[in-house]
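Now for the letters of each chain:
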Amino acid sequence: MLAMCKTRPEAGGVEIRDIAEPQPLAGEVRIKVAATGICGTDVHIYKWAPDIARLMKLPVALGHEISGVVDGIGSGVHRVQVGDRVSVESHISCGHCYQCHLGKAHLCRQTGYPGITRDGGFAAYTVVPEHIVWVHATDIPLDIAALFEPFGIGVHASLEGCGVSGMNVLITGCGPIGLMSIAAARALGASCIIATDVNPTRLALAAQMGADRVVNVREADPVTIARDMTRGNGVDVALEYSGDPQALTQAVEALTAGGDLRLVGAASAPVTIDITRWILKGIRIYNIHGRKLFHSWEHASRLVYGGKVDLRPVISHTLPLREGLRAFELIEQGVAAKVLVTP
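The paragraphs below set out a description of the structure included in this document. All of these numbers come straight from a predicted model, not from anything done at the bench.

1. A short note on the overall build of the protein chain
Next, step 1: Helices and strands together make up the secondary structure of the protein chain, namely 12 helices and 16 strands.
Next, step 2: Its C-alpha radius of gyration of 20 Å places the protein chain within 12% of the 20 Å reference for a compact globule of 343 residues.
Next, step 3: The dimensions of the protein chain, computed from C-alpha atoms along their principal axes, are 60 × 40 × 35 Å.
Next, step 4: Counting only residues that meet the buried cut, the protein chain has 54% of its 343 residues in that class.
Next, step 5: Surface summary for the protein chain: the accessible area is close to 14700 Å², and the carbon and sulfur share equals 50%.
Next, step 6: Across the protein chain, the 31 positively charged side chains and the 33 negatively charged ones have centroids separated by 3 Å.

What follows is the structure, given as structure tokens:
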């Protein structure tokens with residue numbers, strides 16, 4: 001079968017090639033892939049960023065935002081059945097380490113990942129452990145099912161700390177997960193949502209997803225706007241998705257004293273912060289990594305199944321696998337939100 005694989009340890013180094021169709025072993029499930037999303041992590045792999053390169057042994061088929069239909073199961077699989085419509089959790093936790101025992105499997109010390117430590121979903125078929133398969137309770141469209149993994153991050157971020165219900169919220173960075181976080185915060189009862197970015201296309205999508213005010217930070221000061229919209233108090237919650245140091249500074253300055261700072265976006269280099277300012281302001285800091293297993297999935301499912309969140313506007317492009325490399329070009333050019341690749 002054809003698969004989009006990282007084959008060379010360098011920037012680029014991704015190609016479409018033939019690989020063997022996988023077969024499920026004990027405890028595993030084979031999925032006939034319907035759609036797989038391009039993630040920021042895939043872009044880091046494409047560019048061969050050091051933090052991700054150290055995890056990978058090449059070649060490997062990429063892709064971890066996976067949806068499809070189960071078409072085979074290995075021995076010992078009981079919960080998942082052939083014909084189930086599924087999404088895939090991308091953190092393969094061990095179930096035995098200290099974090100897993102404490103109910104923090106999303107922070108497992110021995111986490112594996114489809115598309116990173118084993119072949120992923122940019123292919124016709126993929127095989128994953130049963131325990132990371134989310135079986136959908138409805139006939140959800142499979143392109144929407146492919147968004148559940150990234151949407152779960154936005155749900156996790158919205159539910160952390162004091163939540164967002166009744167809160168004034170700032171979201172910095174309107175990439176696909178930032179956009180989905182706007183929808184999650186809106187559905188979960190945020191009072192006011194301000195979204196910032198530098199890309200006009202993404203800002204237009206942010207308004208469509210439910211932001212009350214969008215701010216191009218090249219044209220206006222988001223801190224001043226946030227204070228004006230909150231009677232000078234500042235926002236209660238700041239969700240930082242961009243990984244940009246300036247956006248982080250703006251998020252902290254826009255935040256009310258004692259507010260929640262929730263960090264999602266990974267910076268490309270170490271960032272200098274004014275820790276004294278953070279301490280004196282009394283802000284609470286939460287680092288959001290992946291989804292809580294499977295707390296975030298349960299809440300994400302309620303929002304989508306119940307019609308509280310429509311994720312479809314986030315899908316900007318759907319490409320056949322043979323054209324999958326174009327996804328990286330579209331993202332680099334800034335014209336794409338979420339790109340799905342189909343077999």
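2. Concerning the packing of helix α5 (residues 148-159) against helix α11 (residues 295-305)
Next, step 1: Packing of α5 against α11 leaves a shortest axis separation of 9 Å and a crossing angle of 105°. Classified by the interaxial angle, the pair formed by α5 and α11 is roughly perpendicular. Here F148, E149, F151, G152, V155, H156 and L159 of α5 lie close against α11, whose contacting residues are H295, S296, W297, H299, A300, S301, L303, V304 and Y305.
Next, step 2: Per-class residue counts for the contact of α5 with α11 are nine nonpolar, six polar and one charged.

3. A look at the pattern of salt bridges
Next, step 1: Tallied over the full model, the rule gives 18 salt bridges.
Next, step 2: When the shortest N-O distance is used, the salt bridge between R8 and E15 registers 3.2 Å.
Next, step 3: Where R30 meets E21, a salt bridge forms, and the shortest distance between an N and an O atom there is 3.5 Å.
Next, step 4: Judged by relative accessible area, which is 10%, R30 ranks as buried.
Next, step 5: Classification of E21 by relative accessible area gives partly exposed; the value is 42%.
Next, step 6: Connected via shared salt-bridge partners are R8, E10, E15 and R17.

4. A short note on helix α9 (residues 245-254)
An α-helical segment advances 3.6 residues per turn. Residues three or four places apart therefore align on the same side.
Next, step 1: Those residues of α9 that fall on the buried side of the exposure criterion are A247, L248, Q250, A251, V252 and A254.
Next, step 2: Lining the buried residues of α9 we find β9 (168-172), α8 (222-229), β12 (235-240), β13 (255-263) and α10 (275-281).
Next, step 3: Structurally, the start of α9 carries an N-cap: the backbone nitrogen of Q246 is 3.0 Å from a side-chain oxygen of D244.

5. A closer look at helix α1 (residues 40-47)
Next, step 1: Of all the residues in α1, the buried ones are D42, V43 and I45. Looking straight down α1, one finds its buried side chains confined to an arc of 160°; they lie on one side.
Next, step 2: Residues of α1 that are buried make contact with β1 (2-6), β3 (28-37), α2 (50-53) and α12 (326-332).
Next, step 3: W48 lies just past α1 and shows a positive phi near 60°.

6. Re a nonpolar patch on the surface
Next, step 1: Residues V271, I273, I275 and I279 make up a contiguous nonpolar surface patch of roughly 340 Å² in combined accessible area.
Next, step 2: Locating I275 in the fold gives a position in helix α10.

7. Description of unusual backbone geometry
Both trends apply: most residues other than glycine have a negative phi, and most peptide bonds are in trans.
Next, step 1: Following L58, the chain continues into P59 via a peptide bond in cis, with omega recorded as 0°.
Next, step 2: Looking at the secondary structure, you find P59 in the loop between α2 and β4 (60-61).
Next, step 3: Cis geometry marks the peptide bond from L293 to F294; its omega dihedral reads -5°.
Next, step 4: By secondary structure assignment, the location of F294 is in the loop between β14 (284-287) and α11.
Next, step 5: If you check the backbone angles, W48 has positive phi at about 60° while not being a glycine.
Next, step 6: Assignment of secondary structure puts W48 in the loop between α1 and α2.
Next, step 7: Of note in the backbone geometry, R231 takes a positive phi value of approximately 55° without being a glycine.

8. Observations concerning the environment of A183
Next, step 1: For A183, the location among the structural elements is in helix α6 (residues 176-187).
Next, step 2: Given a relative accessible area of 5%, A183 falls into the buried group.
Next, step 3: Each C-alpha atom of the pair A183 and D18 lies 38 Å from the other, and the pair is 165 residues apart in sequence.
Next, step 4: The contact partners of A183, leaving out residues within four places of it in the chain, are M209 and V309.

What counts as what
Per chain, residues are indexed from 1 in the order of the written sequence. Local features in this predicted model are restricted to residues whose pLDDT is 70 or higher, and side-chain atom pairs enter the listing and the counts only when it is 80 or higher, whereas totals over whole chains, interfaces and linings include all residues. Hydrogens and waters are ignored; side-chain quantities use all the structure's heavy atoms. Counting from the N terminus, the helices are the DSSP runs of H or I reaching at least four residues and the strands are the DSSP runs of E reaching at least two. Throughout, radius of gyration means the C-alpha value; the globule benchmark is 2.2 Å times the number of residues raised to the power 0.38. Working definition: with a 1.4 Å probe on protein chains only, accessible area under 20% of the residue-type maximum means buried, over 50% means exposed, and in between means partly exposed. Here the Shrake-Rupley method, with its probe set to 1.4 Å, supplies the accessible areas, and only the displayed protein chains count as covering residues. When charges are tallied, Lys and Arg are placed among the positive residues and Asp and Glu among the negative ones, while His and the ends of the chain are skipped. Charged groups are reduced to one reference atom each: NZ for lysine, CZ for arginine, CG for aspartic acid, CD for glutamic acid. Angular values range over 0 to 180 degrees, each being the angle between N-to-C directions of two axes fitted as lines to C-alpha atoms, with helices fitted over their stretch in contact. Each angle is binned into one of four classes, with values under 35 degrees roughly parallel, values over 145 roughly antiparallel, values of 65 to 115 roughly perpendicular, and all other values oblique. Whether two residues touch is decided by their heavy atoms; if any such pair falls within 4.5 Å, the residues are in contact. Residues are grouped as follows: Ala, Val, Leu, Ile, Met, Phe, Trp, Tyr, Cys and Pro are nonpolar; Asp, Glu, Lys and Arg are charged; every other residue, Gly included, is polar. Between Lys or Arg on one side and Asp or Glu on the other, a salt bridge is scored when a side-chain nitrogen of the former is within 4 Å of a carboxyl oxygen of the latter. Counted as a polar contact is a pair of N or O atoms within 3.5 Å, where, for protein atoms, one must be capable of donating a hydrogen and the other of accepting one, and residues adjacent in sequence contribute only when both atoms are in side chains. Arc definition: it is the arc formed by the directions from the helix axis to the C-beta atoms. A patch consists of residues exposed above 30% relative accessible area that lack any salt bridge, with like charges linked at up to 9 Å and nonpolar side chains (Val, Leu, Ile, Met, Phe, Trp, Tyr) linked at up to 5 Å.

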